[in-house]
Amino acid sequence: MDNRQVIGSWLSGPRAAVEQMGADLGHRGQRLGLPESGPGSMAPLGRRFGALFIDWGLCLLIASGFFASGSQQAAGNWALGIFLLLSVLTVGTIGSTPGKRIFGLRVISVHGGRLSIPRVLLRSVLLGLAIPALIWDRDGRGLHDRLSRAVQVRI
């Protein structure tokens, strides 16, 4: 095997390697009954990171302006608390944080519809821990979404 193929498969990830061996995994979200593209399809990773960046920046701005009094460590701690509160309130009511709304995303239950408040709380706490959000399944859902039975979709 050519070394370039080995490096390419490593960079492409395990999904690409399995598909290259002939397995048909379908599109992301197919197992959940979601369309391949358009409204209701799985949210792309880039948009999800963009939404997170906007939400974190907003929370950091609020924390720095109102609670931290010049301390960067205090601002980071306050920002995490504000982020959790923002996530619970906005995802629990309208299904989107401000960043998700800007990027055209929404968090829904895997069965469709809104998440219950206990599931939103679980999702938000796991997201605040960061590690669960870094462990993904083959549909691209983080562990925080899997455990709360949620999925991020395009609006």
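The structure contained in this document is the topic of the report that follows. Note that this is a predicted model, so its numbers are computed, not measured.

### Notes on a nonpolar patch on the surface
A cluster of nonpolar residues, L45, F49, L52 and W136, forms a patch on the protein surface that exposes about 360 Å² of accessible area. Looking at the secondary structure, you find W136 in the loop between α6 (117-129) and α7 (143-147). The partly exposed category is assigned to W136, whose relative accessible area is 41%.

### Quick look at the nonpolar core
A general tendency of soluble globular proteins is for nonpolar side chains to be buried together. Counting eight residues, the largest nonpolar core is built from C59, A63, A79, I82, F83, L86, L127 and A133. Among the elements that make up this core, the one with the highest residue count is helix α4 (residues 72-93) (four residues). For F83, the contacting residues outside a window of four places in its chain are L52, D55, W56, C59 and L127. If you look at the next biggest cluster of nonpolar residues, it comprises six residues, including V88, V107, V120 and A150.

### A closer look at the packing of aromatic side chains
Inspection of the entire model under this criterion finds two aromatic pairs. Pairing W56 with F83 gives two aromatic rings, centres 6.0 Å apart and planes at 65°, and the pair type is edge-to-face. Taken as a pair, W56 in helix α3 (residues 45-66) and F83 in helix α4 lie far apart in primary sequence, 27 residues in all. Among the residues examined, W56 registers a relative accessible area of 32% and is labelled partly exposed. F83 gets classed as buried once you look at its relative accessible area, which sits at 7%. Ring plane angle 15° and centroid distance 4.5 Å describe the contact between F67 and W78, whose orientation is recorded as stacked. With a gap of eleven residues between them, F67 in the loop between α3 and α4 and W78 in helix α4 connect regions that are remote in the sequence.

### Quick notes on α6
Every α-helix winds through 3.6 residues per turn, so residues three or four apart in the chain are directed the same way. With 13 residues, α6 ought to run about 18 Å at 1.5 Å a step, and its terminal C-alpha atoms sit 18 Å apart, in line with that. Taken as a whole, α6 has its buried residues at V120, R123, S124, L126 and L127. Axial view of α6: buried residues confined to an arc of 165°, hence all on one face. Residues P118 and L129 are exposed on α6 and point more than 90 degrees away from its buried face.

### Examining the side chain of R48
Summarising the element assignment, R48 is placed in helix α3. At 5.2 Å, D145 is the nearest oppositely charged side chain to R48, a buried residue that forms no salt bridge. Beyond its immediate stretch of four places on either side in the chain, R48 contacts A43, L105, W136, G140, G142 and Q152.

### Here's the deal with the packing of α3 against α4
At their nearest, the axes of α3 and α4 sit 8 Å apart, and the two run at 125° to each other. With respect to each other, α3 and α4 are oriented oblique. At the point where α3 passes α4, the crossing takes the right-handed sense. Facing L52, D55, W56, C59, L60, I62, A63 and S64 of α3, the residues of α4 in contact are A75, G76, W78, A79, L80, I82, F83 and L86. Of the residues contributing to the contact of α3 with α4, the split by class is 13 nonpolar, two polar and one charged.

The rules behind the values
Residues numbered from 1 in each chain as written. Predicted model: local features only at pLDDT ≥ 70, side-chain atom pairs only at ≥ 80, totals over all residues. Heavy atoms only, no water. Patch = residues over 30% accessible without salt bridge, like charges linked within 9 Å, V, L, I, M, F, W, Y side chains within 5 Å. Areas by Shrake-Rupley, 256 points an atom, 1.4 Å probe, with all protein chains shown as cover. Salt bridge = Lys/Arg side-chain N within 4 Å of Asp/Glu carboxyl O. Helix = DSSP H or I, 4+ residues; strand = E, 2+ residues; numbered from the N terminus. Buried < 20%, exposed > 50% of the residue type's maximum accessible area, 1.4 Å probe, protein only. Core = buried A, V, L, I, M, F, W, Y, C linked by side-chain atoms within 4.5 Å. Contact = heavy atoms within 4.5 Å. Phe/Tyr/Trp six-rings, centres within 6.5 Å; stacked < 30°, edge-to-face > 60°. Expected span 1.5 Å × (residues − 1). Arc of directions from axis to C-beta. Lys, Arg positive; Asp, Glu negative; His and termini not counted. Axes fitted to C-alpha atoms, helices over the stretch in contact; angles between N-to-C directions. Parallel < 35°, antiparallel > 145°, perpendicular 65-115°, else oblique. Left-handed = near helix turned anticlockwise from the far one by under 90°. Nonpolar A, V, L, I, M, F, W, Y, C, P; charged D, E, K, R; others polar.

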